Amino acid sequence: MKFFVDTAEIEAIRELAATGLLDGVTTNPSLIAKSGRDFKEVTAEICAIVDGPVSAEVVALDHATMMKEAEILRKIADNVCIKVPLTVDGLKTCKALSSEGTMVNVTLCFSANQALLAAKAGASFISPFVGRHDDNGFDGMDLIEDIRLIYDNYNFATEILVASVRHTMHVLQAAKIGADVMTAPPKVILDLFKHVLTDKGIEGFMADWAKTGQSIL
Ligand code: E4P
C-alpha cells in the first residue's frame, strides 16, 4: 500500500520524505488555508520534495472554470495530480483531463456508486473519506470493501486512495482490504512506528550493552 501524507506543511513533508516511505502528498483547500501559504507556491515546493503524485484541488464548481484552474495547476510540476470533487462537473473535468494523460484524484467520495462513476471517468485515484463516513454513523471500511470488490470485478485501473484517515487502525484495515493508497495526517503516519514493546526492548538492550563496556565504532 502506498503512503501519502495529507498536509501542506513543508517541514512535516520533509521529515516524512526523509524516511523514504512517502509515496505522495494530498492537499485540499482547508489544508492550504491552515498552512497560511500561497497555494501555487507551496504546491511547487511540495512537488520538489516528493517524486510521487501531489494532489492540488480545483476550487471552481463548473466544468469550464475547473479546466482553466487545472491548466494552471498542472503546469506547476509534472507530478501534480488534479483533484476534483465528485460532482457531474467534477467528473466531466476528470474525463477530459485523464483523456489528455493528466493524473486526476476524485475527492469527497461517500458511496460505492460514486466510486464506480469516478472509475468510468478515468480517475487515477478515488478518495473515499472513511473518517467523515464514520463520523456520520456509517462504517468507512465497509465502503472501502465495496469499492475494492467493484473495481476488481471490472479490473478498473483507478487506485483506491483511503482518505480522511484518523488513526492507525484505519491504516491497518485499509491494508487488510487491499486498498492501493492511504493518505493520513503526519501524526497518524508517525504513530505507525510506535509500539510500547519496541521502546521497552530498546531500553533493555541499551542497559545490557552498557554493562559490556564495548563500542561498535
Ligand atoms: C483527502 O485527500 C482529504 O484531504 C482528507 O483526507 C480529508 O480529511 P479530513 O476528513 O480529516 O478533513
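Since the model is a prediction, treat every value here as computed from it, not as a measurement.

What counts and what doesn't
Residues numbered from 1 in each chain as written. Predicted model: local features only at pLDDT ≥ 70, side-chain atom pairs only at ≥ 80, totals over all residues. Heavy atoms only, no water. Helix = DSSP H or I, 4+ residues; strand = E, 2+ residues; numbered from the N terminus. Buried < 20%, exposed > 50% of the residue type's maximum accessible area, 1.4 Å probe, protein only. Contact = heavy atoms within 4.5 Å. Areas by Shrake-Rupley, 256 points an atom, 1.4 Å probe, with all protein chains shown as cover. Near = heavy atom within 4 Å. Polar contact = N/O pair within 3.5 Å; in protein donor to acceptor, adjacent residues only side chain to side chain. Nonpolar A, V, L, I, M, F, W, Y, C, P; charged D, E, K, R; others polar. Salt bridge = Lys/Arg side-chain N within 4 Å of Asp/Glu carboxyl O. Disulfide = S-S within 2.5 Å. Pairing = 2+ DSSP bridges. Axes fitted to C-alpha atoms, helices over the stretch in contact; angles between N-to-C directions. Right-handed = clockwise from strand over helix to strand, strands pointing away. Phe/Tyr/Trp six-rings, centres within 6.5 Å; stacked < 30°, edge-to-face > 60°.

Asks: Help me understand the overall build of the protein chain, please; the structure alone is not making it clear to me.
Replies: The helix and strand inventory of the protein chain stands at 11 helices and eight strands. C-alpha atoms of the protein chain, sized along the principal axes, occupy 70 × 40 × 30 Å. Expressed as a percentage of its 217 residues, the buried residues of the protein chain come to 45%. Contacts in the protein chain between residues at least 24 apart in sequence constitute 56% of all its contacts with a sequence separation of at least 6. A total accessible area of about 11300 Å² is found for the protein chain, and carbon and sulfur atoms account for 57% of it.

Asks: Looking at this structure, how should I read the site of the ligand?
Replies: Near the ligand you find Asp6, Thr26, Asn28, Lys83, Phe129, Arg132, Ala163, Ser164 and Arg166, and these make up its full shell. Take Asn28: an N or O atom from its side chain is 2.7 Å from an oxygen atom of the ligand. Note that an oxygen atom of the ligand is positioned 2.7 Å from one of the side-chain N or O atoms of Lys83. Relative to its free-state accessible area of 350 Å², the ligand is covered by the protein chains to the extent of 85%. Across the shell around the ligand, the residue classes tally to two nonpolar, three polar and four charged.

Asks: Sorry if this is basic, but what is going on with the pattern of salt bridges here?
Replies: Any two side chains of opposite charge can pair, given that their charged atoms come close. Inspection of every chain in the model, using the stated rule, returns 14 salt bridges. For the salt bridge of Glu41 with Arg37, the shortest nitrogen-to-oxygen distance reads 3.2 Å. Assessed through its relative accessible area of 46%, Glu41 is described here as partly exposed. The class of Arg37 is partly exposed, set by a relative accessible area of 27%. A salt bridge links Arg148 to Asp152, with the shortest nitrogen-to-oxygen separation between them at 3.1 Å. Of this pair, Arg148 and Asp152 both sit in helix 8 (residues 140–154), separated by four residues, roughly a single helical turn. Bridged by salt links that share partners, the residues Glu71, Arg74, Lys75 and Glu100 form one connected network.

Asks: Whenever I open this one, the state of the cysteines confuses me. Can you help?
Replies: The term disulfide refers to a covalent linkage connecting the sulfur atoms of a pair of cysteines. For the structure on display, the rule yields zero disulfides. No disulfide involves Cys94; its nearest neighbouring cysteine sulfur is the one of Cys81, lying 9.2 Å away.

Asks: Explain unusual backbone geometry here, please?
Replies: Glycine aside, residues mostly have negative phi angles, and peptide bonds mostly take the trans form. Within the chain, Leu108 stands out as a residue other than glycine whose phi angle is a positive 65°. Classification of Leu108 by relative accessible area gives partly exposed; the value is 33%. Despite not being glycine, Ser164 shows a phi value in the positive range, around 60°. If you trace the backbone, Ser164 turns up in the loop between strand 7 (159–162) and helix 9 (168–177). Residue classification places Ser164 among the buried residues on the basis of a relative accessible area of 10%.

Asks: Help me understand the sheet that holds strand 1 (residues 2–6), please; the structure alone is not making it clear to me.
Replies: Two pairing modes exist for strands in a sheet, parallel and antiparallel, and in both the strands are linked by backbone hydrogen bonds. Within the closed barrel, the eight strands sit side by side as 1-2-3-4-5-6-7-8. Their pairing is parallel. Averaged over neighbouring strand pairs, the angle between their axes works out to 30° when direction is ignored. With respect to the sheet, helix 6 (residues 112–120) is in contact with strand 5 (104–109) and strand 6 (125–128), its orientation differing from that of strand 5 by roughly 165°.

Asks: Explain the pairing of strand 1 here, please?
Replies: If a strand is regular, its side chains alternate between the two faces of the sheet. Two elements, strand 1 and strand 8 (residues 181–184), share four bridges in a ladder whose sense is parallel. Paired with Phe3 across the strands is Met182, a residue of strand 8. Sheet topology places strand 1 next to strand 2 (residues 24–26); three bridges connect them, and they run parallel. Bridging from a neighbouring strand, Val5 pairs with Val25 of strand 2. As a crossover connection, the stretch from strand 1 through helix 1 (residues 10–17) into strand 2 is right-handed.

Asks: Explain the packing of aromatic side chains to me, please; I cannot follow it from the model alone.
Replies: Describing an aromatic ring pair means giving the distance of the ring centres and the angle of the ring planes. Taken as a whole, this structure holds four aromatic pairs when the rule is applied. Ring geometry for Tyr154 and Phe156: centres 6.0 Å apart, planes at 45°, overall tilted. Take Tyr154: its relative accessible area is 57%, and that puts it in the exposed class. Here Phe156 falls in the partly exposed class, since its relative accessible area comes to 24%. Ring pairs connect the aromatic residues Tyr151, Tyr154 and Phe156, which therefore count as one cluster.

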